[in-house]
Amino acid sequence: MSLSIGIVGLPNVGKSTLFNALTKEQNAQAANYPFCTIEPNKAIVPVPDERVEKLSQLSQSAKTIYATVEFVDVAGLVKGASQGEGLGNKFLGNIRDVDAIVHVVRAFDDDNIVHVSGQPTPRDDIEVINTELALADLQQLERKVEKLGREARTNKELVPLLEMAKKLQDYIGEGAPLWAYEERDSETFRELNQDMRFLTAKPVIYAANVDEETLAEDNEYVREARAIAQEQGAEIIKLCAKLEQEMAGLTDEERYEYLSLSGVEESGLEKVIRKGYEMLGLISYFTSGEKESRAWTIHRGWTAPQAAGVIHTDFEKGFIRAEVTPFDTFTEYGKWADAKSEGQVQLEGREYEVKDGDVILFRFNV
């Protein structure tokens, strides 16, 4: 299980530059013309987490394995994308499988980098993208309502799905995204969303892409983007994609020193992942031993058997108990044996709710 994030925005807002920065590789071609990205760029990168490295050192592990996040960078969308303008629906489809969306908003002026409408206007730019995502969902819903309408005549069990699909049509038609829909936790909505993978049901992080001078203090573009995010109840981060791409080849220590000189404490990757984890209710737990120390991503609130199932389904099916100690406790004693001898390892059963930072040893029957 890993986090998957799609990167969207208008052409020339810095999406591919941000992708390169986030993945620390020059994977995505960046150029000063629309639709430079003609195929989706994908990269799986490790989630920065000093705790994994610390556990690996203490356990003298042969391997250190971090949790991962997949980034998907697609071509710049333009007005009419849902109808096939630009590169259209092909690229909207590429982000239906992601867990969350990073919506890059240009928040800088540069006469050498063309903007599709002449000058950045965050409110208008954001509205173009959000409208295209909504129209793409509406197109799907129209086809779904038509199909369900036919099938429900002979299968009455489909009536609730049909009614929900019609409600969602009206809701999106009023300009509201499905991630704000009040009944999104209902079984019927989840069933429809699992089938259709609504674009507007995905949580959004707005990324205000600024120049280096704006990192320390917001400019008018960033202030406007922040206001929009607040209106929508969305998350927003500020970063300089160009600066971070330039740091791609630096060591972690050099990168943090470089960022601190710009008045920034976190890298763009760390900001995006932290917000993504928070929005989706994700946490990490750890396993640690001589063979490997590893971070595992799960949903907050999952029980010990569910967490074990991320390692292998047999672990969940044959779950007996979990031996658990918090990360800080493990690092204090340095070894499982020492933590156990001091009574700092708890035996937990099937109802135990795994916490962020738990170090766990699962016992199970094959």
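Before reading further, recall that the structure is shown in the block above.
Predicted, not measured: the structure shown is a model, and the values here were computed from it. (Residues numbered from 1 in each chain as written. Predicted model: local features only at pLDDT ≥ 70, side-chain atom pairs only at ≥ 80, totals over all residues. Heavy atoms only, no water.)

Here the focus is unusual backbone geometry. Of note in the backbone geometry, Gln60 takes a positive phi value of approximately 50° without being a glycine. Position of Gln60 relative to the elements: it lies in the loop between helix H2 (50-59) and strand S3 (63-65). Gln60 gets classed as exposed once you look at its relative accessible area, which sits at 68%. Positive phi outside glycine occurs at Arg197, with the angle close to 50°. Relative to the assigned elements, Arg197 resides in the loop between helix H6 (187-196) and strand S6 (204-209). (Helix = DSSP H or I, 4+ residues; strand = E, 2+ residues; numbered from the N terminus. Buried < 20%, exposed > 50% of the residue type's maximum accessible area, 1.4 Å probe, protein only.)

We now examine the nonpolar core. In globular proteins that are soluble, nonpolar side chains generally tend to be buried together. Counting 57 residues, the largest nonpolar core has Val69, Phe71, Ile95, Val102 and Tyr206 as its most contacted members. Discounting chain neighbours no more than four positions away, the residues touching Tyr206 are His103, Val105, Ile126, Asn130, Ala229, Gln232, Ala234, Glu235, Ile236 and Ile237. Counting residues in each nonpolar core, the second largest holds 21 residues, with Leu138, Leu141, Ala165 and Leu192 among its members. (Core = buried A, V, L, I, M, F, W, Y, C linked by side-chain atoms within 4.5 Å. Contact = heavy atoms within 4.5 Å.)

Our next topic: the packing of aromatic side chains. If you walk through the whole model with that rule in mind, you get 8 aromatic pairs. Judged by centre distance (5.7 Å) and plane angle (75°), the rings of Phe330 and Trp336 are edge-to-face. Taken as a pair, Phe330 and Trp336 share a single burial class, namely buried. An aromatic cluster of three or more residues is present, and its members are Tyr171, Tyr181, Phe189 and Phe198. A cation over a ring is seen here: Arg255 above Tyr256, with NZ or CZ 6.0 Å from the ring centre. (Phe/Tyr/Trp six-rings, centres within 6.5 Å; stacked < 30°, edge-to-face > 60°. Lys NZ or Arg CZ within 6 Å of the ring centre and 35° of its normal.)

Strands sit in the order S2-S4-S1-S5-S6-S7 across an open sheet of 6 strands; the sheet is mixed. Strand pairing shows two members of the sheet lacking a second neighbour, strand S2 (41-46) and strand S7 (235-239), which therefore form its edges. Averaged over all pairs of adjacent strands, the angle between their axes in this sheet comes to 25°, without regard to strand direction. Alignment of strand S5 (residues 100-106) against S6, held across 6 bridges, turns out to be parallel. Residue pairing across strands places Val105 opposite Ala208, the latter belonging to S6. Sheet strands touched by helix H4 (residues 122-151): strand S1 (3-8), S5 and S6. Its angle to S5, the strand with the most contacts, is close to 145°. (Pairing = 2+ DSSP bridges. Axes fitted to C-alpha atoms, helices over the stretch in contact; angles between N-to-C directions.)

Taken as a whole, this structure holds 18 salt bridges when the rule is applied. The salt bridge involving Arg96 is made with Asp137; its shortest N-O contact spans 3.3 Å. Residue Arg96 is located in the loop between helix H3 (88-93) and S5, and its partner Asp137 is located in helix H4; the two are separated by 41 residues in the primary sequence. The same class applies to Arg96 and to Asp137, which are both buried. Residues Glu278 and Arg274 are paired through a salt bridge, measuring 3.7 Å at the closest nitrogen-oxygen approach. Residue Glu278 and its partner Arg274 are located together in helix H10 (residues 268-280), separated by 4 residues, close to a single helical turn. A cluster of three or more residues bridged by salt bridges with shared partners is formed by Arg321, Glu323, Lys340 and Arg363. (Salt bridge = Lys/Arg side-chain N within 4 Å of Asp/Glu carboxyl O.)

This paragraph deals with the packing of H4 against H6. Contact pair H4 / H6: the axes reach a minimum separation of 12 Å and the direction vectors enclose 110°. With respect to H6, the axis of H4 lies roughly perpendicular. Where H4 crosses over H6, the two elements pack in a sense that is right-handed. Listed contacts from H6 to Gln140, Leu141 and Lys144 of H4 are Leu192, Asp195 and Met196. Grouping the constituent residues of the contact of H4 with H6 by class yields 3 nonpolar, 1 polar and 2 charged. (Parallel < 35°, antiparallel > 145°, perpendicular 65-115°, else oblique. Left-handed = near helix turned anticlockwise from the far one by under 90°. Nonpolar A, V, L, I, M, F, W, Y, C, P; charged D, E, K, R; others polar.)

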